[in-house]
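# Fold and geometry: a report
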Amino acid sequence: EVLTVKQTMIEGTKIGYMRLIQFTPETPNRVQDALNDFEKAGYTSLIIDLRDNPGGLITSVSEIADKFIDNGPIVTTKSRLLMENQQFTARKANTTVKKNIPIVVLINRGSASASEILSGALKDNHLAYLVGERTYGKGSVQQVIPLSDIDGIKITMARYYTPSDVNIDKIGIPPDYEIRNMETLTEQEEKDYVQLITDD
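Residues numbered from 1 in each chain as written. Predicted model: local features only at pLDDT ≥ 70, side-chain atom pairs only at ≥ 80, totals over all residues. Heavy atoms only, no water.

## Let's talk about the overall build of the chain
In plain terms, the rule: Helix numbers and strand numbers start at the N terminus; a helix is a DSSP run of H or I with at least 4 residues, a strand a run of E with at least 2. Between buried and exposed lies partly exposed: a residue is buried under 20% and exposed over 50% of the maximum accessible area for its type, with that area taken using a 1.4 Å probe on protein chains only. The contact criterion used throughout is that any non-hydrogen atoms of two residues lie within 4.5 Å. Residue-level accessible areas treat just the shown protein chains as cover; the underlying method is Shrake-Rupley with a 1.4 Å probe. Only four residue types enter the tally: Lys and Arg on the positive side, Asp and Glu on the negative side, with His and both chain ends excluded. Taken as the charge centre is NZ of Lys, CZ of Arg, CG of Asp or CD of Glu, depending on the residue.
Scanning the chain from N- to C-terminus turns up four helices and ten strands. Counting helices and strands in the order they occur from the N terminus, the chain gives β-β-α-β-α-β-β-β-α-β-β-β-β-α. Expressed as a percentage of the 200 residues in the chain, the buried residues total 42%. For the chain, contacts bridging at least 24 residues in sequence account for 70% of all contacts bridging at least 6. For the chain, the accessible area works out to roughly 11,400 Å², and carbon and sulfur atoms hold 53% of it. One way to put it: in the chain the 22 positive side-chain charges average out to a point 6 Å from where the 28 negative ones average out.

Written out as structure tokens, the structure is:
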């Protein structure tokens, strides 16, 4: 299993911080583990960091969004053929985050695809405040069809639509509060930062 979720309680606060690196089959479980830890620590607000998250599985991000949204559409894929359209819908039974928890989502131009699905769904449901830069704008569903051992063709099969029925392909999702050049730290920079704040 590849590490896809980093978490911590911000020192001296009741703020939970959760960074999602990618959306894999195990990411929903790791997100729930983080939420459980935050709950035990008595968190009162949450930061979800989606900066430079390239995306991943639509099933994974839908399952994660369902932990926050108690009803209605999470994301819809629309194809050229009506019968191939698909909608992922939230169910109250799957919701694990209390409605009164303030949420800030950090985004930048490296946030793409499934990251945009999550940030768009939380924004459209008025559950989160988006901070950072406009996202990448990857709103298409693609499939690679192999032609030989070394060649293939990529075909756009459908497009993603947020709960408010907006397709963000080549447009992206704008933040509620813009901060330009909002880059993430490298692993070494994270270690150096932690060292700085823990040194006497």
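Text resumes after the structure shown.
## Some remarks on the sheet that holds strand β4 (residues 72–79)
Worth spelling out the cut-off: Note: two strands are recorded as paired if DSSP finds a minimum of 2 bridges between them. To obtain each axis, a line is fitted to C-alpha atoms, and for helices this fit is confined to the stretch in contact; angles are then taken between N-to-C directions over 0 to 180 degrees.
On the basis of which strands lie adjacent, the open sheet formed by four strands has the order β5-β4-β9-β8 and antiparallel pairing. This sheet does not close on itself; its edge strands, each paired only once, are β5 (86–90) and β8 (140–146). On average, each strand axis in the sheet is tilted by 20 degrees relative to the strand beside it, whichever way the strands run. Bridge count for β8 against strand β9 (residues 152–161) is seven bridges, and the pairing is antiparallel. Paired with glutamine 143 across the bridge in β9 is isoleucine 155.

## Comments concerning the pattern of salt bridges
Threshold: A side-chain nitrogen of Lys or Arg and a carboxyl oxygen of Asp or Glu constitute a salt bridge if their distance falls within 4 Å.
Throughout the structure, instances matching the rule amount to twelve salt bridges. Residue glutamate 39 is joined to lysine 98 by a salt bridge in which the shortest nitrogen-to-oxygen separation is 3.2 Å. Here the residue glutamate 39 occupies a position in helix α1 (residues 27–40), and lysine 98 occupies one in the loop between β5 and β6 (103–107), the gap between them amounting to 59 residues. Across the salt bridge formed by arginine 51 and aspartate 49, the nearest N and O atoms sit 2.6 Å from each other. The residues arginine 51 and aspartate 49 share a single accessibility class, namely buried. Residues joined in a network through salt bridges with shared partners are Glu1, Glu26, Arg30 and Asp33.

## A short note on the nonpolar core
Our working rule: Only buried residues count toward a nonpolar core, which is a set of Ala, Val, Leu, Ile, Met, Phe, Trp, Tyr and Cys residues joined through side-chain atoms within 4.5 Å.
Ranked by internal contacts, the top residues of the largest apolar core, which has 38 residues, are Met18, Leu46, Ile48 and Phe68. Here this core gets five residues from one element, more than from any other, and that element is helix α3 (residues 114–124). Beyond its immediate sequence surroundings of up to four residues, methionine 18 is in contact with Val5, Lys6, Gln7, Val31, Ala34, Leu35, Phe38, Leu46, Ile47, Ile48 and Asp49.

## Quick look at the layout of surface pockets
It is the rolling of a water-molecule-sized probe over the atoms that shows where space remains empty. Condition: For cavity detection a 1 Å grid was placed over the protein atoms alone, and a set of points counts as a cavity when a 1.4 Å probe fits there but cannot get out; an open set counts as a pocket when protein lies on both sides within 12 Å along at least five of seven lines, with lining residues being those that have an atom within 4 Å of a point. Grid points are joined across faces, edges and corners, and a volume is the space filled by probe spheres set on the points. Throughout this entry, Asp, Glu, Lys and Arg are counted as charged residues, while Ala, Val, Leu, Ile, Met, Phe, Trp, Tyr, Cys and Pro are counted as nonpolar. The remaining residues, Gly among them, count as polar.
By volume, the largest pocket is sized at about 540 Å³. What lines the largest pocket is a set of 16 residues, among which Thr8, Tyr17, Glu190, Tyr193 and Val194 lie closest to the centre. Broken down by secondary-structure element, the contributors of at least two residues to the lining of the largest pocket are β1 (5–9), β2 (15–20) and α4 (187–198). In the lining of the largest pocket, the residues fall into seven nonpolar, three polar and six charged.

## So, the sheet that holds β6
Strands sit in the order β1-β2-β3-β6-β7-β10 across an open sheet of six strands; the sheet is mixed. The open sheet has two edge strands with one neighbour each: β1 and β10 (177–178). As paired elements, β6 and strand β7 (residues 129–132) share four bridges and run parallel to each other. For valine 104, the partnering residue across the bridge sits in β7 and is tyrosine 129. Across the sheet, α1 is in contact with β1, β2 and β3 (45–49); its angle to β1 comes to roughly 5 degrees. Seen against the sheet, α3 touches β2, β3, β6 and β7 and runs at an angle of roughly 145 degrees to β6.

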